[in-house]
Amino acid sequence: MRGTPGPSLGLRAFVIRSDSLDPFVGFAVPVAVEGVDSKILDPRSTWSDASEYDAQAKKLVAMFITNFAKFEDHVDHTVRAAAPSANIAAE
């Protein structure tokens, strides 16, 4: 998938592959952005210890799930479906 935001926004072209889903939150992340070092587009690779990144990401997802529970009844089903799930946090 290729996105090209309008020039009036001052944003650059980016590329998202179908296999570029973040394993913790489940949304697509860009694999290439014009003028940006692709190494920083994968946050896990910026940590010196990948297992520490994984642990922190799981903790963050669990915190999101706990907090989001307060608002679940007030949002559309599409918003609930897009939220990270507990099984992602447990992996």
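Residues numbered from 1 in each chain as written. Predicted model: local features only at pLDDT ≥ 70, side-chain atom pairs only at ≥ 80, totals over all residues. Heavy atoms only, no water.

Some thoughts on the pattern of salt bridges
- According to the stated counting rule, one finds 1 salt bridge in the structure shown.
- Salt-bridge contacts for D54 lead to R44; the nearest nitrogen and oxygen are separated by 2.7 Å. Remark: R44 occurs in the loop between β3 (32–33) and α1 (50–68) and D54 occurs in helix α1; sequence separation between them is 10 residues.
- Residue class for D54 comes out buried when judged on its relative accessible area of 16%.
- Since its relative accessible area comes to 36%, R44 is described here as partly exposed. (Salt bridge = Lys/Arg side-chain N within 4 Å of Asp/Glu carboxyl O. Helix = DSSP H or I, 4+ residues; strand = E, 2+ residues; numbered from the N terminus. Buried < 20%, exposed > 50% of the residue type's maximum accessible area, 1.4 Å probe, protein only.)

What about the packing of aromatic side chains?
- The tally for this structure, following the rule as stated, stands at 3 aromatic pairs.
- On the numbers, 6.1 Å between centres and 70° between planes, the contact of F24 with Y53 is edge-to-face. Here Y53 lies in helix α1 and F24 lies in the loop between β2 (14–15) and β3, a separation of 29 residues in the sequence.
- Looking at F24, the relative accessible area reads 10%, which means it is buried.
- Taking 5.5 Å as the distance between ring centres and 15° as the angle between the ring planes, the aromatic pair formed by F64 and F68 counts as stacked. Of this pair, F64 and F68 both sit in helix α1, separated by 4 residues, roughly a single helical turn.
- Under the relative-accessibility criterion, F64 is labelled partly exposed at 37%. (Phe/Tyr/Trp six-rings, centres within 6.5 Å; stacked < 30°, edge-to-face > 60°.)

What about the side chain of D22?
- Tracing the backbone through its elements, the reader meets D22 in the loop between β2 and β3.
- Put simply, D22 is tucked away with no salt bridge, and the nearest opposite charge, on R44, sits 9.0 Å away.
- For D22, the side chain forms a polar contact with the main-chain nitrogen of F24, separated by 2.8 Å.
- Leaving out residues up to four positions away in the same chain, D22 has contacts with F27, V29 and Y53. (Lys, Arg positive; Asp, Glu negative; His and termini not counted. Polar contact = N/O pair within 3.5 Å; in protein donor to acceptor, adjacent residues only side chain to side chain. Contact = heavy atoms within 4.5 Å.)

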